[in-house]
Amino acid sequence: MGCCLPKPKNDGDESVHNAEFVGGNVHLITTKESWDQKLTEAKRDGKIVIANFSASWCGPCRMVAPFYCELSEKHPTLMFLTIDVDELTVSDDATVIWSDATGNHAMRIFAAGSFGWITCDYAVMSIQEEFSASWDIKATPTFFFLKDGQQIDKLVGANKPELQKKITSIVDSESTLQK
């Protein structure tokens with residue numbers, strides 16, 4: 001059922017964006033900050049999170065995206081998130097200005113109308129690499145099923161029947177627990 005291995009950074013084509021990955025009740029996550037906020041919200045509301053780690057250049061990701069949106073409409077008691085692993089940033093207020101071959105970075109931070117500079121003179125992973133590594137994402141799409149921020153299941157690849165089966169199983173087990 002298809003999955004994509006990591007692609008080299010920036011191929012110069014900025015025309016492909018996340019429009020096809022959102023719809024229904026799917027929330028697009030673009031920052032680590034918004035990821036943390038949605039996990040907190042889901043925990044507060046007692047919702048299971050289905051997190052779709054994808055990439056706009058990935059054919060299988062684009063193929064499964066409409067089905068994922070349909071599932072989000074059928075299961076409003078779950079929280080559906082899509083994270084483009086190549087587009088994730090630290091926050092909406094941070095912008096990397098330059099990066100040299102040794103991994104040095106300068107980052108501009110905007111806060112409440114003012115801005116400052118942070119210069120990191122050591123090699124660091126990009127937020128995308130760090131985040132992907134922390135969730136052990138080796139291919140896209142990868143779906144994580146989270147309860148209270150903890151992984152309860154995982155699916156690698158664009159396998160629609162298996163995705164449907166896992167979601168149905170989670171919904172059934174949650175409804176049994178609530179009885």
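Refer to the structure presented above.
Rules used throughout
- Residues numbered from 1 in each chain as written.
- Predicted model: local features only at pLDDT ≥ 70, side-chain atom pairs only at ≥ 80, totals over all residues.
- Heavy atoms only, no water.
- Pairing = 2+ DSSP bridges.
- Helix = DSSP H or I, 4+ residues; strand = E, 2+ residues; numbered from the N terminus.
- Axes fitted to C-alpha atoms, helices over the stretch in contact; angles between N-to-C directions.
- Contact = heavy atoms within 4.5 Å.
- Salt bridge = Lys/Arg side-chain N within 4 Å of Asp/Glu carboxyl O.
- Buried < 20%, exposed > 50% of the residue type's maximum accessible area, 1.4 Å probe, protein only.
- Polar contact = N/O pair within 3.5 Å; in protein donor to acceptor, adjacent residues only side chain to side chain.
- 1 Å grid on protein atoms, 1.4 Å probe; cavity = no way out; pocket = protein on both sides within 12 Å on 5 of 7 lines; lining within 4 Å.
- Points joined across faces, edges and corners; volume = space filled by probe spheres on them.
- Nonpolar A, V, L, I, M, F, W, Y, C, P; charged D, E, K, R; others polar.
- Expected span 1.5 Å × (residues − 1).
- Arc of directions from axis to C-beta.

A. Expanded view of the sheet that holds strand S8 (residues 150-156). Strand order in this open sheet of five strands is S1-S3-S2-S7-S8, and the pairing throughout is mixed. If you trace the sheet from one side to the other, it starts and ends with strand S1 (26-29) and S8, each paired once. For this sheet, the mean angle separating the axes of adjacent strands, direction not counted, is 25°. Two elements, S1 and strand S3 (residues 79-84), share four bridges in a ladder whose sense is parallel. Pairing of Leu28 across the sheet is with Thr82, part of S3. Seen against the sheet, helix H1 (residues 32-45) touches S1, strand S2 (49-54), S3 and strand S7 (142-147) and runs at an angle of roughly 165° to S3.

B. Structural detail: the pattern of salt bridges. Tallied over the entire structure, the rule returns six salt bridges. Of the charged contacts, one joins Lys166 and Asp153 as a salt bridge, the two residues approaching to 3.0 Å between their closest N and O atoms. Taken as a pair, Lys166 in helix H4 (residues 160-178) and Asp153 in strand S8 lie far apart in primary sequence, 13 residues in all. Looking at Lys166, the relative accessible area reads 15%, which means it is buried. The exposure class assigned to Asp153 is partly exposed, which follows from its relative accessible area of 25%. Taken together, the shared-partner salt bridges in this structure form one network comprising Asp153, Glu162 and Lys166.

C. Fine view of the environment of Asn159. By the element assignment, Asn159 lies in the loop between S8 and H4. Along the sequence, Asn159 and Pro141 sit 18 residues apart, while their C-alpha atoms lie 9.5 Å from each other. Within the structure, Asn159 has its side chain in polar contact with the backbone nitrogen of Glu162 (distance 3.0 Å).

D. Local environment of empty space enclosed by the protein. Inspection of the entire model under this criterion finds one cavity of 30 Å³ or more. Counting residues per element, the ones that place at least two in the lining of the largest cavity are H1 and S7. In terms of residue count, H1 provides more of the lining of the largest cavity than any other element does, three residues in total. Partitioning the lining of the largest cavity into residue classes produces four nonpolar, one polar and four charged.

E. Seen up close, H1. The end-to-end C-alpha separation of H1 is 20 Å, in line with the 20 Å expected for 14 residues at 1.5 Å each. Every buried residue of H1 is accounted for by Ser34, Trp35, Lys38, Leu39 and Ala42. In a view along the axis of H1, the buried residues occupy a sector of 135°, so they form one face of it. In H1, those exposed residues whose orientation departs by more than 90 degrees from the buried face are Thr40, Lys43 and Arg44.

F. Fine view of the environment of Leu155. Turning to its location among the elements, Leu155 is positioned in strand S8. Looking at Leu155, the relative accessible area reads 7%, which means it is buried. Once the C-alpha coordinates of Leu155 and Phe143 are considered, the two residues, twelve residues apart in sequence, prove to be 5.0 Å apart. Aside from chain neighbours lying at most four places away, what touches Leu155 is Pro141, Thr142, Phe143, Phe145, Glu162, Leu163 and Lys166.

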